[in-house]
Amino acid sequence: MGTTDALEFWDGVYAARPAATDPRPNARLTETVADLPPGEVLDLGCGAGGDALWLARQGWRVTAVDVSSVAVERLTALAAAHGLADRITARRHDLGDSFPDGAFDLVSAHYLHTPLDLDRAATLRTAARSLRPGGRLLVVDHGSTAPWSWNQDPDVRYPSPREVADDLALDPAAWTVERTDSPRRTATGPDGTTAEVTDHVLIVRRTA
């Protein structure tokens, strides 16, 4: 499937959800980034925009991308409404076809899952190469199926963080794997319901 299929699918997903006025950031982002000095950050798959808004409030300059034009337009409007338009640039990219320019101190990829064609490992390798020395790639994946997930396949398999790291095949002379674990938390879905979920967390730091 191509860009048109991805655009239609994800526009449909976001259009079906009410636009949040101040969306929450992801828990793994806030716990990981809170103590880092702010710099330039790339938010891959920005979705409702909670991560981008939180990062901007912490002093980061945010490039936020999503395949969905609905998500990008909503985030652009939210950034202006919250007085953060000078710190957030939202752009539409189909990461299978294009990748934003720039060098970053942090790349955040939260729940970058899709039922459509995407060479995710290649995308994350490109993300790792966009880091400045000392910068980090934070990948947070689903490790379990939430009741509100668009993918309710009972046979779905979630690769471990170590498997994701191995798939990236990054040169250990230039990148160091800093974290691979699978913490659990209580999450809240778009409709307000809660459930215990597992996250798969990978952090890779560029050393050279």
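To keep things clear, this report deals only with the structure shown in the data block. Position labels on residues start from 1 in each chain and follow its written sequence. Side-chain atom pairs in this predicted model are given and counted only at pLDDT of 80 or more, local residue features only at pLDDT of at least 70, and totals for whole chains, interfaces and linings cover all residues. Side-chain measures were taken over the full set of non-hydrogen atoms in the model, leaving aside hydrogen atoms and water.

1. Quick notes on the pattern of salt bridges
Note on pairing: side chains with opposite charge can pair once their charged atoms come close.
Point 1. Any Lys or Arg side-chain nitrogen found within 4 Å of a carboxyl oxygen on Asp or Glu counts as a salt bridge. Applying the stated rule across the entire model yields 12 salt bridges.
Point 2. Taking the shortest distance from any N to any O, the salt bridge between arginine 157 and glutamate 163 comes out at 2.8 Å.
Point 3. Salt-bridge contacts for arginine 205 lead to glutamate 178; the nearest nitrogen and oxygen are separated by 2.7 Å. Here arginine 205, found in strand β8 (residues 194-206), pairs with glutamate 178, found in strand β6 (residues 175-181); they are 27 residues apart in sequence, far enough to count as distant.
Point 4. Whether a residue is buried, partly exposed or exposed follows from its accessible area with a 1.4 Å probe, protein chains only, as a fraction of its type maximum: under 20%, in between, or over 50%, in that order. On the basis of relative accessible area, arginine 205 is assigned to the partly exposed category, the value being 26%.
Point 5. Linked through salt bridges whose partners overlap, the residues forming this network are Arg28, Glu31, Arg179, Asp181, Arg185 and Asp199. Helical segments are the DSSP runs of H or I of at least four residues, strand segments are the runs of E of at least two, and each set is numbered from the N terminus.

2. A closer look at the packing of aromatic side chains
Point 1. Only the six-membered ring of Trp is used, alongside the rings of Phe and Tyr, when aromatic pairs are assigned; centres must lie within 6.5 Å, and planes under 30 degrees apart are stacked while those over 60 apart are edge-to-face, with the rest tilted. All chains considered together, the criterion is met by 2 aromatic pairs.
Point 2. Taking 4.9 Å as the distance between ring centres and 90° as the angle between the ring planes, the aromatic pair formed by phenylalanine 9 and tryptophan 10 counts as edge-to-face.
Point 3. For tryptophan 10, a relative accessible area of 10% corresponds to the buried category.
Point 4. Aromatic side chains tryptophan 10 and tyrosine 14 sit 6.1 Å apart centroid to centroid with 35° between the ring planes, which places their arrangement in the tilted category. In this pair, tryptophan 10 and tyrosine 14 both sit in helix α1 (residues 3-15), 4 residues apart, roughly one turn of the helix. For the pair formed by tryptophan 10 and tyrosine 14, the shared burial category is buried.
Point 5. Grouped by ring-pair contacts, the aromatic residues Phe9, Trp10 and Tyr14 constitute a single cluster.

3. Notes on the nonpolar core
The nonpolar side chains of soluble globular proteins are, as a tendency, buried together.
Point 1. Here the nonpolar core consists of buried residues drawn from Ala, Val, Leu, Ile, Met, Phe, Trp, Tyr and Cys, with membership extended through side-chain atoms lying within 4.5 Å. Core analysis: the largest hydrophobic core is formed by 25 residues, its most contacted members being Leu55, Val62, Leu75 and Ile88.
Point 2. The set of elements that each furnish at least two residues to this core consists of α2 (27-33), α3 (50-57), β2 (61-66), α4 (69-81), β3 (88-92), β5 (131-142) and β8.
Point 3. With 5 residues, the single largest contributor to this core is α3.
Point 4. We call two residues in contact whenever any of their non-hydrogen atoms come within 4.5 Å of each other. Not counting residues up to four positions away in its chain, the partners in contact with leucine 55 are Leu29, Val33, Val41, Trp60, Val62 and Leu106.
Point 5. Leu95, Phe104, Leu137 and Ala174 belong to the second-largest nonpolar core, a separate cluster that totals 23 residues.

4. Structural notes on unusual backbone geometry
Point 1. Even without glycine at this site, tyrosine 111 takes up a positive phi of about 55°.
Point 2. Counting through the fold element by element, tyrosine 111 comes out in the loop between β4 (104-110) and α5 (120-129).
Point 3. The class of tyrosine 111 is buried, set by a relative accessible area of 18%.

5. As for the pairing of β2
Each regular strand displays side chains that alternate between the two surfaces of the sheet.
Point 1. For β2, the tally of buried residues reaches 5 of 6 residues, placing the bulk of the element in the interior.
Point 2. Think of it this way: DSSP has to see at least two bridges between two strands before they count as a pair. Judged from the 5 bridges that link them, strand β1 (residues 40-44) and β2 form a sheet pairing that is parallel. Paired with glutamate 40 across the two strands is arginine 61, which belongs to β2.
Point 3. What joins β1 to β2 is α3, and the crossover it makes is right-handed.
Point 4. When β2 meets β3, the two strands line up parallel, connected through 5 bridges. In the strand pairing of β3, aspartate 66 is matched with arginine 92. When the strands point away from the viewer, a crossover counts as right-handed if the path from the first strand over the helix to the second runs clockwise.

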